[in-house]
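Secondary and tertiary structure notes
Read off the chains here:
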Amino acid sequence: MPITIDEINEQPLAIRTVLDELGGKESKLAEVCSDATSFCFVGCGASYYLSLTGASLMNERSPSFAVPSSEILISPSQLPDLSPDVLIPISRSGESTETVEATRLTKRKSLETTVVSVTCAEGSEIHELSDIPIISRKGKEESVVMTKSFSSMLVALQYLSLLAANENRVSKKFRGLGKDSEQVLEVSEDIARKIGSREELDKFIFLGTGKHYGLASEGMLLMTEMALSWSNVYHPLELRHGPKSIVAEDTLVTILWPDGGGTEHERLFEEVRNLGAETLVIGREEDVKEIDADEVVEITQRSNSTGLSLYVPPLQLLGYYRAIDQGLDPDNPKNLNQIVKI
Ligand code: F1P
């Protein structure tokens, strides 16, 4: 009985359900987020990549930063001052030791900090440590790698960033997102199967700027976890500062296209293509429809302030079908457990 592919395809329901949860807590969350002047996001693994995305989104409104939970435990003196108005621990399981301990430590250190957690696990340690828990109930999953949990928790982060920006009627802005998610899953399925079956591809590079960097990192992680393939992530223009040396005909370069595009990305895209790489571009319809990439996933017309979770399905399906083509079992990724406790 397949687990991972089913849960990838269940993400529209997880998104709809977490939006109900957020709508029910909107006024409480709005009060905390609109008063706050600093945010710290923490997590492990894919949840750390969510933290990076959450901090990028929140930085458009207040000083925010993301820290791997483990760094708070082992290198605290080398981190920014950890007395944020709001701490946002992100944890699918709500039990990762580093995130639980980092939350405990920050609460002890800074009594004024409000803990707004994002988790899929009701009754977990993170839930118990939270002042306001946001629980993605349908994000709870069997898959070892993060699938519907990732996109549904990402919706919560985008929701919080709009509340922090004092946007009104935020829940109404997310209307139709579940349907859009179904549409992107459908479009991405064939593209991911096609790329996954390309035997000559051996290396996978993911590029994303700003709020897309955390998502590009997740694309890298999924390719590593499920397909055991060489995979790396860079801020786009960083590619020229060394990693470009490895780009060739056996390389797939996936670019999460920035809102509004830009000549910098167009020039980089040409350079990468001239090196013979296969190209996959994921971006908003109006930004990518003219791009002559090998494969393009167009994100439907939706305001960029609510549609970030729509970039996730192609990344998940790409890693999944590459794994299947390599004869691997995405439901049992090598060396991994669903919950990491140390
Ligand atoms: C999530 C995580 C995943 C990783 C593996 C172990 O931790 O680190 O990112 O792929 O499944 O768990 P959390 O979100 O449960 O804290």
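Worth saying up front: this structure is predicted, and the values here are computed from it rather than measured.

**A word on the overall build of the protein**
Looking only at helices and strands, one finds 14 helices and 10 strands in the protein. For 342 residues, the compact-globule estimate of 2.2 N^0.38 gives 20 Å, and the C-alpha radius of gyration of the protein, at 19 Å, lies within 12% of that figure. Summarising its shape, the C-alpha atoms of the protein cover approximately 55 × 40 × 40 Å along the three principal directions. Counting only residues that meet the buried cut, the protein has 59% of its 342 residues in that class. In the protein, of all internal contacts separated by at least 6 residues, the share reaching a separation of at least 24 is 76%.

**Some words on the sheet that holds strand β3 (residues 86-91)**
The pairing of strands in a sheet happens through backbone hydrogen bonds and is either parallel or antiparallel. One open sheet accounts for 5 strands, arranged β2-β1-β3-β4-β5; its pairing is parallel. Taken across any chain shown, the strands that pair with only one partner, and hence form the sheet edges, are β2 (64-68) and β5 (132-135). Put simply, the sheet's adjacent strands are angled 20° from each other on average, direction ignored.

**Some thoughts on the packing of helix α2 (residues 11-24) against helix α10 (residues 177-196)**
At their nearest, the axes of α2 and α10 sit 8 Å apart, and the two run at 165° to each other. It follows from the interaxial angle that α2 and α10 lie roughly antiparallel. In terms of crossing hand, the pair formed by α2 and α10 is right-handed. Residues Q11, P12, I15, R16 and L19 of α2 pack against L177, G178, K179, S181, E182 and L185 of α10. Its residues placed into classes, the contact of α2 with α10 shows 5 nonpolar, 3 polar and 3 charged.

**Details of helix α8 (residues 148-164)**
Counted at 1.5 Å a residue, the expected span for α8 with its 17 residues is 24 Å, and the 25 Å between its end C-alpha atoms agrees. Of all the 17 residues making up α8, 17 are buried; the element is thus mostly covered by neighbouring parts of the structure. Looking one or two residues beyond α8, the residue adopting positive phi is N166, at roughly 60°.

**Focus: the pattern of salt bridges**
All chains considered together, the criterion is met by 26 salt bridges. A salt bridge links E271 to K244, with the shortest nitrogen-to-oxygen separation between them at 3.0 Å. Of this pair, E271 sits in helix α12 (residues 263-274) while K244 sits in the loop between β7 (230-234) and β8 (251-256), and the two are 27 residues apart along the sequence. A cluster of three or more residues bridged by salt bridges with shared partners is formed by E95, E101, R104, E125 and K341.

**Looking at the packing of aromatic side chains**
Pairs of aromatic rings are described using the distance from one ring centre to the other and the angle between the two planes. This structure, assessed with the given rule, holds 4 aromatic pairs. Between Y48 and Y49 the ring centres are 5.9 Å apart and the planes differ by 45°, which places this aromatic pair in the tilted class. Like Y49, Y48 is buried. On the basis of an interplanar angle of 85° and a centroid distance of 6.4 Å, the ring pair of W257 and F269 is categorised as edge-to-face. A residue pair is termed long-range when its members are at least 10 positions apart, and W257 in the loop between β8 and α12 and F269 in helix α12 qualify at 12 residues. For the residue pair W257 and F269, the accessibility class agrees, reading buried in each case.

**A word on the site of the ligand**
Residues in contact with the ligand amount to 14 residues; listed here are only the nearest, S47, R92, S96, V144 and E225. In the model, an oxygen atom of the ligand is placed 2.5 Å from a nitrogen or oxygen of the E225 side chain. Backbone polar atom of Q338 to an oxygen atom of the ligand: 3.3 Å apart, as the coordinates give it. In isolation the ligand has 380 Å² of accessible area, and contact with the protein removes 95% of it. Counted by class, the shell around the ligand contains 5 nonpolar, 7 polar and 2 charged residues.

Definitions and limits used
Residues numbered from 1 in each chain as written. Predicted model: local features only at pLDDT ≥ 70, side-chain atom pairs only at ≥ 80, totals over all residues. Heavy atoms only, no water. Helix = DSSP H or I, 4+ residues; strand = E, 2+ residues; numbered from the N terminus. Rg over C-alpha atoms; globule rule 2.2 N^0.38 Å. Buried < 20%, exposed > 50% of the residue type's maximum accessible area, 1.4 Å probe, protein only. Contact = heavy atoms within 4.5 Å. Pairing = 2+ DSSP bridges. Axes fitted to C-alpha atoms, helices over the stretch in contact; angles between N-to-C directions. Parallel < 35°, antiparallel > 145°, perpendicular 65-115°, else oblique. Left-handed = near helix turned anticlockwise from the far one by under 90°. Nonpolar A, V, L, I, M, F, W, Y, C, P; charged D, E, K, R; others polar. Expected span 1.5 Å × (residues − 1). Salt bridge = Lys/Arg side-chain N within 4 Å of Asp/Glu carboxyl O. Phe/Tyr/Trp six-rings, centres within 6.5 Å; stacked < 30°, edge-to-face > 60°. Near = heavy atom within 4 Å. Polar contact = N/O pair within 3.5 Å; in protein donor to acceptor, adjacent residues only side chain to side chain. Areas by Shrake-Rupley, 256 points an atom, 1.4 Å probe, with all protein chains shown as cover.

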